[in-house]
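Residue-level structure breakdown
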Amino acid sequence: MKRSFGTLLLLAVLLVFPWVLKDAYYQHLMILVLMWVAIGSGWNLISGYTGQVLFGAASFFGIGAYTAALLLHKLEISAWWGLPLGGVAAVLLAFPFGWICFRLRGPYFALATLALNEILRNIATVWESLTEGMVGLLVMQTFVSKIPYYYIALGLAVLSIVLVDVVMKSRWGYYFVSIREDQDAAESLGIDTRYFKMVSLCLSALLIGLAGGLYTNYMGFIDPKVVFSLHDISIMAILVGIVGGVGTVYGPAIGAFIMVAVQEVFRTGGFGLLPALGKTTGWPFMTTLSKYVSEAHVLSFGILVIAVILYLPNGIVGDWSSIRRALIFWRRKAA
Amino acid sequence: MNRIVFCLFTTVLVALVSLGLVLAAGDPIKVGVVLPLTGEQAKFGEIEKNSFVMGVEEINKSGGINGRPIDLMMEDDTGKPDVGRSAIEKLISQDKVIVVTGGYSSSVTYAVSAAAQQRKIPFLVTTGSADKITEQGWDYVFRIGPPVSEYPKALNSFLAEVVKPKTVAILHENTLFGQSGSKEFAQQCESTGIKVLMKEGYEAGAVDFKPLLIKVKAAKPDFVYMISYIMDAALLMRQSKELNFNPKLFVGGGAGFTLPEFASNAGDAAEYVFSADLWSPTLPYTGAKEYFDNYLKRFNTPTEYHGAQAYSSIYVVADALKRAKELTPEGVREALTATDMMTVFGPVKFVSYEKKKQQNSLPTYLVQWQKGVLETVWPKNVATKPYVFPVSEWSQR
Amino acid sequence: MEVFLQTLVAGILKGGLYALIGLGMTLIMGVMGIINLAHGQLMMVAMYVTFVLFHYLGIDPYTSLLISMPSLFLLGVLIQKYLLNPLMKVESILPENQVLMTVGIGMVLTEIARFIFTSNYLSVKTSYSSAAIFVGGISFSVALTIAFIFACTLTGILFWFLIKTDLGRSIRAVSQDGEAAQLMGINAERIKVVTMGIGSALVAAAGTLLLPIYYLFPDIGGPFTRRAFVITILGGLGSTVGAIFGGLTLGLAEAFSSTYMGMEFEDMIGLVIFVLVLLFLPGGLKSLTKV
């Protein structure tokens with residue numbers, strides 16, 4: 001009862017958000033957050049719940065993104081069709097990949113996804129006649145205002161969360177978790193692990209591919225380095241998942257919010273606070289500090305990863321109980 | 001107790017922020033700049049940033065824009081197109097700039113100019129050289145630097161008059177700059193009767209170019225044209241020397257080949273290498289030499305064409321702001337279209353020709369490394385030293 | 001013919017260096033079962049150490065091997081002791097935590113390097129950096145040849161170490177069956193720490209040897225990590241001989257594909273080999289022999 005009230009409240013806030021905060025910059029950030037919620041949820045399905053860690057999530061993202069862009073460039077179909085079709089294309093990729101690579105266990109599967117990621121990136125770069133290589137593909141945005149994009153992204157994010165929630169509460173959900181916990185035991189109990197791993201991967205690919213299609217339509221420019229990026233997409237997906245909480249429904253949502261926030265806060269020095277302070281106070285210390293802070297955002301990611309793995313291995317949502325305990329302890333100590 | 005401290009802290013914080021906002025608003029005119037201040041391209045970002053800063057200080061000291069100073073709002077695009085997008089969004093919505101300049105990497109510039117066109121904010125491209133950027137018919141985008149297809153203009157005339165080669169091998173890195181530049185050059189060669197024996201791309205950062213160079217050597221091209229950034233350029237030359245590969249000439253397509261680091265890293269393998277170049281402090285443009293000397297004195301390191309582009313960009317922007325009928329994006333845009341001035345980078349006038357729109361058209365130059373110094377060798381009337389051609393083989397030096 | 005021979009030479013020499021990188025990783029993977037995705041970054045650290053020694057103290061890279069290897073040994077030991085070993089005790093849903101931890105470590109190392117040295121490309125110029133000797137019209141890069149010889153020597157030493165010394169045999173024991181080794185009285189945790197140190201020292205050697213002919217920047221680690229695990233999988237986990245063959249195979253594959261197909265495929269060929277091995281020869285080359 002309490003939980004659904006909180007969720008509804010959150011949903012209400014999100015729905016009115018773009019009307020309340022008209023600043024296009026913050027709207028842009030929220031769209032990014034929502035996109036990452038979708039990607040993170042997709043990642044979570046296969047990695048967090050089914051235990052097959054995906055190291056190359058960008059493979060599906062990039063396929064989705066390129067589908068949308070190529071539909072426009074080669075077939076002159078509106079890139080908006082690329083959104084659903086991008087998801088489909090990603091699933092079409094997931095299918096043979098899973099078929100071939102699911103015989104691999106644990107870290108080997110993870111490495112295979114990484115290899116897939118890099119191979120796709122290379123292909124996209126050298127197959128210039130198809131993808132224009134590093135020249136990239138430009139898609140003019142349909143709307144000038146960010147608001148339509150915001151609602152589409154919100155729709156996608158909600159779809160992802162609902163999908164994960166529904167699937168995990170169903171029989172499939174139990175199968176996925178059993179595969180994660182002990183694949184051989186599951187197999188011996190008569191669960192067709194190969195089939196369910198495929199299902200999980202395809203669902204994940206669908207969500208991530210949809211996000212890719214959205215990216216093309218919103219950002220307007222893609223090239224192999226951007227959409228098949230190991231660092232910016234694949235590893236970011238992992239971070240979103242583990243910081244938020246693997247194997248939880250809302251984990252990726254929290255993770256997405258935190259990661260985008262951390263990145264922007266560092267890049268802009270506290271949304272421009274530090275540089276502004278530097279300019280007004282005229283302290284050189286402030287300007288150098290803001291410069292270091294903006295350059296430190298990747299460093300902060302690395303430290304965040306290490307800290308989370310060491311102290312909060314199940315992410316913020318997963319280890320929420322230990323966080324609460326720590327906070328209570330703090331408050332008691334202070335009083 | 002804790003709660004009181006917390007409240008105090010927040011109040012102080014809010015006060016500082018508002019103070020900052022209040023002081024920052026009002027008088028100055030805000031000009032946005034998008035540059036790679038961090039990441040792989042930070043080196044160039046820094047040269048351009050320093051040049052912008054130097055230019056703005058001079059402009060403000062001599063009265064600014066009709067008495068109002070320019071406030072440079074710099075945003076870091078980290079070398080990534082999507083971050084570049086975020087950067088220009090922030091400049092437009094939060095900082096409310098009326099004009100943006102900058103743009104180093106072609107891919108980032110492409111994405112940022114699309115955004116500028118859509119939001120109807122004039123964008124003066126400083127460096128981003130892919131031809132496509134000014135071929136989209138965008139009326140809010142202007143470019144001061146030449147498109148990459150024109151980089152080898154001087155080279156082409158040199159080849160036609162002096163070298164008269166029959167074949168060429170083109171090597172390029174797989175980036176927007178490399179792929180578009182090589183495609184254009186290949187087309188230019190074919191149209192002037194030079195046969196392109198091979199055109200091959202590589203991923204930047206390769207350790208060993210020997211397999212590639214072996215293939216090129218076996219094809220026996222008259223000359224080799226390479227589009228690379230510094231370290232690949234240095235390695236390509238060093239390894240060519242190791243293989244004793246001697247085509248009639250080695251030519252670089254600008255970028256990596258004209259930086260001082262190229263000579264220091266390639267050592268004597270850099271000797272006699274030609275390159276296309278966009279600018280040199282010895283050119284007869286007002287203020288070129290002073291800019292070079294001032295930059296060197298202040299920042300302790302030499303500048304080169306990217307810096308000159310940046311320095312000139314801010315002067316062009318300032319000029320447009322002075323002439324603008326009203327200080328709105330549309331007003332600045334109109335003023336920019338009427339630009340006709342001389343800068344340290346050369347004359348600036350935005351014209352439309354062939355597929356291009358609002359592109360500044362400038363001559364380019366051919367330079368050659370001679371004894372570790374980059375000398376301008378073509379066209380003859382601006383040459384600082386005569387060119388060395390034919391070039392002796394590696395083993396005979 | 002000359003093209004073929006020259007490509008062959010290029011591939012073998014490069015392969016030797018690759019083998020050295022792969023050796024470190026295969027040892028770590030064999031003993032600890034973790035994929036160290038920070039391997040390339042460790043190499044980067046060693047290269048910066050070498051650079052600093054050369055630039056500020058004028059120490060030749062070959063001499064600085066004596067400093068870079070032990071320093072990286074120490075770094076590896078510290079990482080294992082304080083960041084990786086504790087993970088065994090942490091309860092988490094995902095068993096891949098260790099791999100992710102190495103990703104985090106890699107990022108931190110890269111960024112710290114960027115902080116101290118900025119993103120500038122640095123290089124070390126020695127008299128032999130561009131030198132080449134010609135044997136029958138085929139060019140042999142002096143620096144790469146020396147690196148190749150060093151790699152062989154180090155491999156030989158490692159081999160002897162693993163077979164003849166007690167510590168070496170303990171390492172192999174833990175690599176074969178960690179629990180059984182513990183039952184035999186071997187302190188598995190300490191062995192893991194030492195192995196990480198040795199693995200790091202080996203990749204440090206590779207970095208120091210590579211610096212004269214290449215260059216250095218903070219992001220240099222990534223592609224080498226990738227090659228390292230291709231070599232490791234190709235050679236077979238924990239197999240030193242496998243790593244050598246794996247390294248040579250990769251070097252040759254890259255060279256031949258660059259010459260005969262196109263340099264743009266250089267990165268892909270390693271990945272394709274990787275996937276093929278994973279699918280068709282999961283034990284690596286090692287499983288083809290009994291070593």
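The preceding data block contains the structure.
Now for a quick tour of the structure. (Residues numbered from 1 in each chain as written. Chains lettered and ligands numbered in written order. Predicted model: local features only at pLDDT ≥ 70, side-chain atom pairs only at ≥ 80, totals over all residues. Heavy atoms only, no water.)

Topic: the nonpolar core
The line we're drawing: Here, the term nonpolar core denotes a set of buried Ala, Val, Leu, Ile, Met, Phe, Trp, Tyr and Cys residues that are joined through side-chain atoms within 4.5 Å. A 1.4 Å probe rolled over the protein chains alone gives each residue an accessible area, and that area as a share of the maximum for its type sets the label: buried under 20%, exposed over 50%, partly exposed in between. Helix numbering and strand numbering both begin at the N terminus, where a helix is a DSSP run of H or I of at least 4 residues and a strand a DSSP run of E of at least 2. For this analysis, residues touch if any pair of their heavy atoms sits within 4.5 Å.
Of all hydrophobic cores here, the largest spans 241 residues; its most connected members are Trp36(A), Phe55(A) and Phe262(B). It is helix H2 (residues 24-49) of chain A that contributes the most residues to this core, 16 residues altogether. The residues contacting Phe55(A), other than those within four sequence positions of it, are Ala110(A), Thr113(A), Leu114(A), Asn117(A), Leu230(A), Ser234(A), Ile238(A), Leu37(C), Val99(C), Leu100(C) and Val103(C). Core analysis: the second largest hydrophobic core is formed by 43 residues, Phe223(B), Val251(B), Phe274(B) and Leu366(B) among them.

Let's talk about the pattern of salt bridges
In plain terms, the rule: For salt bridges, the criterion is a side-chain nitrogen of Lys or Arg within 4 Å of an Asp or Glu carboxyl oxygen.
For the structure shown, the criterion picks out 32 salt bridges over all chains. Its salt-bridge partner being Arg333(B), residue Glu330(B) comes within 3.4 Å of it at the nearest N-O pair. Taken as a pair, Glu330(B) and Arg333(B) lie in helix H12 (residues 329-337) at a separation of three residues, close to a single helical turn. Taking relative accessible area as the criterion, Glu330(B) reaches 33% and is therefore assigned partly exposed. Measuring nitrogen to oxygen at the nearest pair gives 2.9 Å for the salt bridge that ties Glu254(C) to Lys14(C). In this pair, Glu254(C) is assigned in helix H10 (residues 240-260) and Lys14(C) in helix H1 (residues 2-32), connecting sequence segments 240 residues apart. Neither residue differs from the other here; Glu254(C) and Lys14(C) are each classed as buried. Within this structure, Glu118(A), Arg121(A), Glu203(B), Lys14(C), Arg226(C), Arg227(C), Glu254(C), Glu266(C) and Asp267(C) form a network of salt bridges that share partners.

Looking at the interface of chain C and chain A
Here is the rule: Here's the idea: put two parts together, see how much 1.4 Å probe accessible area each one loses, and the total over both is what we call buried area. Two N or O atoms count as a polar contact when they lie within 3.5 Å, although within protein this holds only if one can serve as hydrogen donor and the other as acceptor, and sequence-adjacent residues are included solely when both atoms are side-chain atoms. By the convention adopted, Pro, Cys, Tyr, Trp, Phe, Met, Ile, Leu, Val and Ala count as nonpolar, Lys, Arg, Asp and Glu as charged, and the other residues, Gly among them, as polar.
At the junction of the two partners, chain C supplies 38 residues and chain A supplies 41 residues. Taken over both partners, the interface formed by chain C and chain A buries close to 3600 Å², and the fraction arising from carbon and sulfur atoms is 82%. Taking the shortest distance from any N to any O, the salt bridge between Glu118(A) and Arg226(C) comes out at 2.6 Å. Our enumeration of links across chain C and chain A arrives at two residue pairs in polar contact (both at pLDDT 80 or more). Elements with a minimum of two residues in the side of chain C that touches chain A: helix H4 (97-117), helix H9 (221-235) and helix H11 (266-280) of chain C. In terms of residue count, the dominant contributor to the side of chain C that touches chain A is H4(C) (12 residues). Residue composition of the side of chain C that touches chain A, by class: 29 nonpolar, three polar and six charged.

A look at the pairing of strand E9 (residues 249-252) of chain B
Residue and element names in this part refer to chain B. Where we set the bar: The criterion for strand pairing is that DSSP finds at least two bridges linking the strands in question. For a crossover, the right-handed case is the one in which the path from the first strand over the helix to the second runs clockwise, viewed with the strands pointing away from the viewer.
Covered by surrounding structure in E9 are Leu249 and Val251 together with Phe250 and Gly252, the residues of both alternating faces. By the bridge criterion, four bridges tie strand E8 (residues 223-227) to E9 in an arrangement that is parallel. What sits directly across from Met226, in E9, is Gly252. Crossover E8 to E9 through helix H8 (residues 230-242) is right-handed. Alignment of E9 against strand E10 (residues 274-277), held across two bridges, turns out to be parallel.

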